[in-house]
Every structure is written in structure tokens, then in C-alpha cells.
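# An overview of the molecular structure
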There are 2 protein chains.
Amino acid sequence: MSADSKLSFAKPSTSKAELEEGTAFTPRFDEHGLIGAIVTGADGVVLMFAFMNAEALRLTIETGEAHFYSRSRKSLWKKGETSGNVLRVRELLTDCDQDILLVKVELQGEAACHTGRRSCFYRRVEAGADGVALEFVTK
Amino acid sequence: MSADSKLSFAKPSTSKAELEEGTAFTPRFDEHGLIGAIVTGADGVVLMFAFMNAEALRLTIETGEAHFYSRSRKSLWKKGETSGNVLRVRELLTDCDQDILLVKVELQGEAACHTGRRSCFYRRVEAGADGVALEFVTK
């Protein structure tokens with residue numbers, strides 16, 4: 001694409017066949033204009049989950065670095081802007097009905113999670129006699 | 001747990017520290033009573049993404065087989081009930097702020113995707129001179 005043309009996304013087809021078996025990328029943003037993004041490392045390990053709006057998705061594709069939309073701060077953010085833990089995009093995929101993204105990244109730094117851990121998924125749900133509790137997988 | 005006591009989930013703590021560093025499992029369902037679930041194979045490959053309500057999550061934990069909530073059909077469903085592609089749960093994790101689940105499963109059958117493919121993520125987003133398009137990773 002030329003540097004001055006902004007990437008935009010076409011409206012999703014109402015045809016299930018086109019959506020699922022076509023080659024047109026028509027991401028299905030939700031009623032808040034957001035789409036969920038699963039982020040994995042190049043090794044496939046799930047690191048985090050966040051949301052993108054159309055602008056974050058456009059910037060992710062154009063710059064090759066993952067951008068998201070923060071629902072709590074109501075603003076666009078580039079992952080790693082302050083922490084240095086930038087996510088370089090290696091591959092971007094979408095699912096059958098194009099309402100979720102899968103972003104495979106190379107993590108520049110140690111941590112994708114704001115707690116300082118590599119992955120946000122550091123606790124396992126364990127069922128016991130008294131109900132369920134979390135057990136740390138990574139300290 | 002005894003067979004006649006139904007598992008329920010406590011209200012999320014308003015303390016960020018408890019939510020992120022505690023051992024109480026207090027899933028944060030959204031305004032529709034749903035929580036997103038990333039499903040991976042035992043090998044870590046991302047297979048699908050779907051939503052659970054409290055009942056689907058309870059059944060998933062109690063039966064060891066993944067249950068979800070269909071937003072389009074507005075009903076609970078057990079994955080594989082008709083297709084036979086049941087997902088046996090090997091590990092269930094949650095993220096730092098407990099608003100997403102990661103379900104590691106053993107897939108009974110060939111396909112987690114309703115299209116017949118193993119994974120729902122069978123198309124890659126490729127940027128070209130004319131914008132973006134999807135390219136099949138799995139036919």
C-alpha cells in the first residue's frame with residue numbers, strides 16, 4: 001500500500017459461505033467497535049488477550065507492531081510503548097466467522113503481562129473438596 | 001465436591017492485588033454474563049474461541065468436558081454433542097484480571113471447527129498492494 005492511503009476494512013458479508021470460505025478480510029467488530037485478539041508467542045504459547053478497534057488493527061497491520069484498544073482507559077495503546085515489551089507481529093490470522101484475531105508475535109523483552117510475567121495465564125483453576133481455587137503455574 | 005452441591009462463583013474482588021495475585025477464582029463475566037474462552041490443543045495450538053456463561057463454566061469444571069454459551073442461539077451447548085468432537089479438558093487457566101479463560105483440551109475427533117478443520121484459525125491476513133486479503137493456511 002502507498003504510504004498515504006489508509007487501510008480500511010470492508011463491511012462483513014451477510015453470506016456465511018463468503019465469511020467462512022472467502023478470501024476477503026472483513027473483520028466483525030462488536031457493538032462497541034471492538035474485536036478480540038488472542039496473542040501467542042512464536043512458539044504458540046498463549047501470552048495475553050486484548051481488544052482492537054479498527055484503528056488499532058490498521059496500525060498493527062501497517063507497522064507490524066501490536067496495537068490495542070483499552071476499554072478501561074478508552075484509548076488506543078501500542079503494547080510496550082512504556083514497558084519496552086513491544087510485540088512484533090509474525091503472523092495474523094482470523095477465525096471461521098471473522099470475529100476473533102490470532103496474533104503470533106515475537107516478544108521484544110521478557111513480559112507480555114503487565115505483572116512482569118511472560119504470559120497473563122499464570123494461574124490454573126483447580127477443583128477441590130471446597131469448590132475451586134487458583135494455583136500458580138508461574139510464580 | 002459432593003454430587004448434590006452446585007459449584008458457584010464468588011463475586012470478583014475490587015482489590016486489583018487480590019484479583020491478580022490471589023488464589024480465589026472469581027471469574028469476571030461481562031455485562032451479558034459471559035466470559036471468553038480460548039481453546040488450545042494439548043500441543044498448545046489455538047483451536048477456537050467461544051463464550052461461557054456461569055452454567056457452562058460450572059459444567060466444564062464438573063464434567064471435564066467443554067461447554068459453551070451460544071450468543072446466536074442464546075443457549076448452552078456442549079461441544080461435540082452432535083459432531084462427536086468432544087473437548088476433554090486437560091487444564092483450565094485464567095488471566096491476570098480474570099476476564100478470560102484458557103482451556104487446554106484433548107480433542108476427541110478431528111475437528112474443533114464446525115467447518116471440519118482442526119482449528120478455526122485457517123486463514124492468514126496478508127497485506128498487499130491493494131489492501132488486505134485472507135490466504136488459506138489450511139485448505
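What comes next is a walk through the structure. (Residues numbered from 1 in each chain as written. Chains lettered and ligands numbered in written order. Predicted model: local features only at pLDDT ≥ 70, side-chain atom pairs only at ≥ 80, totals over all residues. Heavy atoms only, no water.)

With that out of the way, let us pick up the pattern of salt bridges. Under the definition given, this model contains 28 salt bridges over all chains. Residue B:Asp99 pairs with A:Arg71 through a salt bridge whose shortest N-O separation is 3.4 Å. On the criterion of chain membership, the pair formed by B:Asp99 in the loop between strand S5 (87–94) and strand S6 (100–107) and A:Arg71 in the loop between strand S3 (67–70) and strand S4 (75–78) is interchain, its members lying in two chains. Residue classification places A:Arg71 among the partly exposed residues on the basis of a relative accessible area of 43%. A:Arg124 is paired through a salt bridge with A:Glu126; the nearest N and O atoms lie 3.7 Å apart. Look at A:Glu126 and you get partly exposed, because its relative accessible area is 32%. (Salt bridge = Lys/Arg side-chain N within 4 Å of Asp/Glu carboxyl O. Helix = DSSP H or I, 4+ residues; strand = E, 2+ residues; numbered from the N terminus. Buried < 20%, exposed > 50% of the residue type's maximum accessible area, 1.4 Å probe, protein only.)

A few words on the interface of chain B and chain A. Between chain B and chain A, the contact holds 51 residues from the first and 51 residues from the second. Roughly 4,100 Å² of surface becomes buried between chain B and chain A when both sides are summed, with 62% attributable to carbon and sulfur atoms. There are six salt bridges connecting chain B and chain A. In this structure, the salt-bridge partner of A:Arg117 is B:Glu21, at a minimum N-O distance of 2.7 Å. (Contact = heavy atoms within 4.5 Å. Buried area = accessible area lost by both parts, 1.4 Å probe.)

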